[in-house]
Amino acid sequence: MVKRRDYHAYIYLLPALFLMGVFVLYPVMNTILTSFKEGYRFLTGSFLLFSFENYRMILLDKIFYRAIINTSFIAFVCVPFSMLSALVTALLLNSIKRLKGFFMTLFYLPQVTNVIAAGMVFALIFNNHFGLINMLLVKVGINPVAWISGVGIAASTELYMASYLRCLFVLFVYMMWNGLSLKVILFLGGLQNIREDYYLAARLDGTSKWKIFRKITVPLLSPTTFYVFITSVITAFKAYSQVVALFTTTYGPAGDNSKMMITVVGYIIDALGSYLSAGAVSVASAAAVLLMISIMFLTAVQFKILNRWVHYK
Amino acid sequence: MKERQLHTIFYVILVLTALLVLIPFAWMLLTALKSEGEALMVPPILFPKRPMVSNFILALEIAPFLSYLSNTVIVAILVVLGSTTVTVLASYAFAWMDFPIKNILFFMILGSMMIPQEMLIITNFMTIARLGWMNSYKALVLPYVIHAFNIFLLRQTMLQVPNDLFIASRIDGLGHFRFLRKVVLPICKSTLYTTMLLSLIWIWNTFAWPNLVTTKDSLRMISNGLSNAFTVNTGSIRYELQMSATTLVTIPLILIFIALRKHIFEGMKRGGIKG
Amino acid sequence: MNFTKRIVVLLLIVAIGVLGFCGGTGEQKQTSTLDGAIKKVVDDKVPVEISFWTGTGAANYPYLEKMVNNFMMAYPNIKVDFSNQGAINDLTVKLTQNIVSKTTPTISNINAPTFPEYIASGAIIDLAPYLNDSRIGLSATQQADIFPNYFEEVKSFGPAGTMYGWPTNKKTTDVLVYNKTFFDAHGWDAPKTWTEVAAYSKLIKEETGKPGFSYDISYGEGAFKTMSSQWGSPYITADGVIDINNPQGLDALLFYKENLDKGYFTLPPLMPSAGGNYSNAGFVMEECYMFIGPAAGIQYSVPFVERGHKDFEVGVAALPQKDLTKAVTFGKGENYAVFSNSTTEQRVAAWLLITYLTEAENNIEWLIKTGNLPISSSQVNNPEYQAFLSSTPKDGNVYNFAISVNAALEMMDYMRYDIAIDNADKLAEKVGSMFRTVLIGGADPATTLAATAGSRK
């Protein structure tokens, strides 16, 4: 096949690239520049000198590593689980004959549910004293669990770890709820893109349902699966509002001094503060640059590894 | 026989999952119907004694709801139109054209998904202020017209259009643009509607940027207009009114979804080479 | 090669577009002398437009709006663009951004920690010349009328002789709320010292099994700051030096801890019905019988039986003290600032507005409806306000505000203001976290206190 050079592609891309230049590239360059300014004062723009000081401070900060751990948990534990559940749900939805549209609308609702309301509801469900979960546990005869509680955690490592694990569980359930909705819609859309003819032909041939799934559905769904995985991981790395909705701006239960559930974006926001202290904006910029680099690296790795398995036609 | 049993199991699983997924939305709706006292009760009650539909009317009266709604609608329409154009052109270029540094540019566009909004906002605010675009629709719309998630999604779908169709179009003498219009777009209609829906949801819920760029109440949208509308002196919120307003706000989104549902999940009914 | 050229052209287009935005627009503001400007605005009634941003709850905004409209009627040539910009933290971030982009309003509320940096960068102006002007300023009597702590605060932000802020009418403070019915039944008065608080709490615990006392922790540092200052810790010295890790501070912390461990004291997160930062939800369920919380939040501390609360009458009193001869309490509330990105005429108009907003007669409706504290003696002595202060229980919610304000007014003589330093909000956050981790998390008080004082991030 002759290699075409479609130079008018640049015209097709012009609007996107222009807007990106102004609203993404320019701010990013600005951010990178600011991240090297030591002691940057936002109001006057003055700073001491160019150095790696901001990066050094971050890399020596225990809380930053906590943020990395939590963010990784969301990206590499919560995402795969919610993807799997979403895929199963989408397949089920695709197979049923009646009430398809009704269920679709139901699964769509979390997308339009107010984030504050959702956070409040989850806090209530997991409330230590009158939450739904604890009420159910008691009915079954199990002791109620103090889900989000910080009593005694500063004095004992076991109590701290136990509290941390419980908080992670609550976060996990919330992220599953949060993530299911959009992924189901995307998977459903992807399933729709698989042409009926393929299924018809396979069924005429007498192929088993399981084989159809493996040889037709999975490969033809792979572009969508690829998209969902990449974008979900990227979104997970930017998680912030969910953690604040569940654990408030102290990122942990009362009694916690370590910002237990902080994420990387949370770290950035905290560094920003009210923008006024010397170095606030520059440290935040450095953290943002680190975040950006990590996501880029991870995404590149994902592309390299997974691209082989994606079938477009 | 087995088919019927299997389907029943499917329905049961779906109903259970749907119920779980629904809980926060249901709570939002129920709280909207509670009285002020009921909304604050501890332990919280699930159902109000008498549904107070008057909350919805009160919420509408307190905040200049119509103004916020119309602003949001205007911005949403402009964004969807602009974003769809930009997305379609860009996705097509990446899917079906070949040009130097194509992969680098694609990765750059992908890269814009990776930057937390919080960092972009600070500089973008300066840009908008320098241009004198504070409190304008331009400022509210333009940053949202570029949406890398949509470009990526549409590109994935466009790549699935069979090569034969492309070859056939060349034989027929169609250039890229006609191919895009006559073959690719109709096939990708369902994804296109999905991207429009996603942009719409994004606009509806976005808060930080409109909050910074609009200081006049006349230009506020639903998200930032309502955030403070029901707070009392010490920062406590009248939840029953907040939830009423929030519920009202979701109604258009649900209606639009129901309308678009068919188009998104239609599937590729036509897919033949004939066309 | 052809395609290289095209890429270069493309990137050039993008770059030019980007650079085009880099042109700053710095409007030069015309400034006349102060006297000239006063003459223009007050005598010649030249039209002036100013903008005023506030951050107040939507429920209270209409009263403020009314006051601004009345101002415009009194000064027809001054047009005020008045808008509500959300909670004070959002408002502050917005203002900071607008300072850099030179699009600030003329006036806004700001809180204490924001002042040092705003002054250092020249973003706000010194109002002393306006205060001392013979025509539009305040006479000595008028200046003496304002409560000293509020007046001293706005003069403390900058060097001596300057005044960079002006008190708003959104001042409040913490008060002691208690279960009057229970106390009356036992023949107790409201506790005046911490020893009494502890003693009552012990008796309450023994009788009801519930803790007696709780302390709101929504302001992070509030509890520790107040208590350690009462115990004699400087906390922040007048020169702006932080001094929290000292024996007095540790004593205060240990005092609370002892009582908490014995079950006499508690905190909001530990009460089943409360959780979070506020005690009132637990208080109305009699999960504690006294608590310290914001005066303006009194309406949420009154029990309503229809909502499932217990049934009792509420009393409000001044904060308990460690040493009644060295009483300490802290006031809260924002101050106005006028931004330097304005003409002299606009500044004159702004000064006229903010002084109007603090005049007695204009404020009475606002103060009664919101429960905020009066800031001058003439406000307190206003007949209508005096009637409000003498409300009785049958006056409903107004009565609750009245007893709250009365308790606050008792403390006005020794009420202090927060010393404004850089990073004050970071300090508040860290101290709040320390308080919670020692009392709830079980951390060691001495080492944690030292660690908090040591970290300066």
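What you see is a predicted model; the values in this text were computed from it and never measured. (Residues numbered from 1 in each chain as written. Chains lettered and ligands numbered in written order. Predicted model: local features only at pLDDT ≥ 70, side-chain atom pairs only at ≥ 80, totals over all residues. Heavy atoms only, no water.)

Focus: the overall build of chain A
Okay, so step 1: Within chain A, the regular secondary structure consists of 12 helices and 2 strands.
Okay, so step 2: Helices (α) and strands (β) of chain A occur, in sequence order from the N terminus, as α-β-β-α-α-α-α-α-α-α-α-α-α-α.
Okay, so step 3: Each principal axis of the C-alpha atoms in chain A carries an extent, and together these give about 70 × 70 × 30 Å.
Okay, so step 4: The 313 residues of chain A split such that 57% are buried. (Helix = DSSP H or I, 4+ residues; strand = E, 2+ residues; numbered from the N terminus. Buried < 20%, exposed > 50% of the residue type's maximum accessible area, 1.4 Å probe, protein only.)

Here we look at the overall build of chain C
Okay, so step 1: Scanning chain C from terminus to terminus reveals 20 helices and 14 strands.
Okay, so step 2: Put simply, 71% of the contacts in chain C that link residues at least 6 apart link residues at least 24 apart.
Okay, so step 3: With an accessible surface of roughly 18,000 Å², chain C has 54% of that area assigned to carbon and sulfur atoms. (Contact = heavy atoms within 4.5 Å. Areas by Shrake-Rupley, 256 points an atom, 1.4 Å probe, with all protein chains shown as cover.)

Regarding the interface of chain B and chain A
Okay, so step 1: Taken residue by residue, the interface counts 96 residues in chain B and 90 residues in chain A.
Okay, so step 2: Remark: the boundary between chain B and chain A carries 11 residue pairs in polar contact (both at pLDDT 80 or more).
Okay, so step 3: It is helix 1 (residues 2-32) of chain B that contributes the most residues to the side of chain B that touches chain A, 17 residues altogether. (Polar contact = N/O pair within 3.5 Å; in protein donor to acceptor, adjacent residues only side chain to side chain.)

Notes on the interface of chain C and chain B
Okay, so step 1: Counting from both sides, the interface comprises 36 residues of chain C and, opposite them, 30 residues of chain B.
Okay, so step 2: Summed over both sides, the interface between chain C and chain B buries roughly 2,700 Å², with carbon and sulfur atoms accounting for 58% of that surface.
Okay, so step 3: At the boundary of chain C with chain B, the tally comes to 4 residue pairs in polar contact (both at pLDDT 80 or more).
Okay, so step 4: Where the side of chain C that touches chain B is concerned, the elements lending two or more residues are helix 1 (2-20), strand 2 (78-84) and helix 4 (88-100) of chain C.
Okay, so step 5: Of the residues forming the side of chain C that touches chain B, the biggest block, 5 residues, is contributed by helix 4 of chain C.
Okay, so step 6: Of the residues belonging to the side of chain C that touches chain B, the class tally is 13 nonpolar, 19 polar and 4 charged. (Buried area = accessible area lost by both parts, 1.4 Å probe. Nonpolar A, V, L, I, M, F, W, Y, C, P; charged D, E, K, R; others polar.)

Quick notes on the confidence of the model for chain C
Okay, so step 1: Scored by pLDDT, chain C comes out at a mean of 88, with 93% of its residues at no less than 70.
Okay, so step 2: Confidence drops under pLDDT 50 across residues 18-28 of chain C; counting only partners more than four residues distant or on other chains, this segment forms 12 contacts. (pLDDT = per-residue confidence, 0-100.)

A closer look at the sheet that holds strand 4 (residues 166-167) of chain C
Where strands meet in a sheet, backbone hydrogen bonds hold them as pairs that are either parallel or antiparallel.
Residue and element names in this part refer to chain C.
Okay, so step 1: Spatial ordering of the open sheet is given by 2-1-3-13-4, a layout of 5 strands whose pairing is mixed. The outermost strands of the open sheet, each flanked by one partner alone, are strand 2 and strand 4.
Okay, so step 2: Relative to strand 13 (residues 335-338), strand 3 (residues 107-110) runs antiparallel, the two sharing 4 bridges. The partner of Ile107 across the bridge, within strand 13, is Val338.
Okay, so step 3: Packed on one face of the sheet, helix 14 (residues 344-356) meets strand 1 (48-54), strand 2, strand 3, strand 4 and strand 13 and runs near 50° to strand 1. (Pairing = 2+ DSSP bridges. Axes fitted to C-alpha atoms, helices over the stretch in contact; angles between N-to-C directions.)

Focus on the packing of helix 12 (residues 280-306) of chain A against helix 5 (residues 102-111) of chain B
Okay, so step 1: At a closest axis distance of 11 Å, the pairing of helix 12 of chain A and helix 5 of chain B adopts a crossing angle of 130°. Put simply, helix 12 of chain A runs oblique to helix 5 of chain B. The handedness of the crossing between helix 12 of chain A and helix 5 of chain B is right-handed. The segment helix 12 of chain A lies against helix 5 of chain B, with Met296, Thr299, Ala300 and Phe303 of chain A engaging Phe106, Phe107, Leu110 and Gly111 of chain B. (Parallel < 35°, antiparallel > 145°, perpendicular 65-115°, else oblique. Left-handed = near helix turned anticlockwise from the far one by under 90°.)

Regarding the nonpolar core
Okay, so step 1: Counting 206 residues, the largest nonpolar core has Tyr92 and Leu226 of chain B as its most contacted members.
Okay, so step 2: Take this core: its biggest share by element is 18 residues, from helix 7 (residues 157-192) of chain A.
Okay, so step 3: Once you skip the residues sitting within four places of it in the chain, Leu226 of chain B turns out to touch Ala63, Phe65, Tyr68, Met221, Gln242, Ala245 and Val249 of chain B.
Okay, so step 4: One finds Leu91, Met163, Tyr235 and Ile440 of chain C within the second-largest nonpolar core, a separate group that totals 139 residues. (Core = buried A, V, L, I, M, F, W, Y, C linked by side-chain atoms within 4.5 Å.)

Focus on the pairing of strand 3 of chain C
Residue and element names in this part refer to chain C.
Okay, so step 1: Residues Ile107 and Asn109 of strand 3 are buried on one face, and the alternating residues Ser108 and Ile110, pointing to the opposite face, are buried as well.
Okay, so step 2: Judged from the 2 bridges that link them, strand 1 and strand 3 form a sheet pairing that is parallel. Paired with Trp53 across the two strands is Ser108, which belongs to strand 3.

Comments concerning the side chain of Gln97 of chain C
Okay, so step 1: Locating Gln97 of chain C in the fold gives a position in helix 4.
Okay, so step 2: A residue is classified by how much of its surface remains accessible, and Gln97 of chain C, at 0% relative accessible area, is buried.
Okay, so step 3: For Gln97 of chain C, the residues in contact, after removing those within four places along its chain, are Phe42 and Tyr275 of chain A together with Ile121, Ile122, Phe125, Met126 and Leu212 of chain B.

With respect to the confidence of the model for chain A
Detailed reading of the predicted coordinates is not advisable wherever pLDDT is low.
Okay, so step 1: This prediction gives chain A a mean pLDDT of 87; 98% of its residues lie at or above 70.
Okay, so step 2: Averaged pLDDT values over the elements of chain A bottom out at 76 in helix 8 (residues 196-205) of chain A and peak at 94 in helix 2 (residues 53-59) of chain A.

A few points about unusual backbone geometry
Okay, so step 1: Even without a glycine there, the phi angle at Lys259 of chain A is positive, about 50°.
Okay, so step 2: Inspection of the secondary structure puts Lys259 of chain A in the loop between helix 10 (241-247) and helix 11 (264-272).
Okay, so step 3: Overall, the relative accessible area of 18% leaves Lys259 of chain A in the buried class.
Okay, so step 4: At Lys45 of chain C, a position not held by glycine, the phi torsion is positive, near 50°.
Okay, so step 5: One can find Lys45 of chain C in the loop between helix 2 (34-43) and strand 1.

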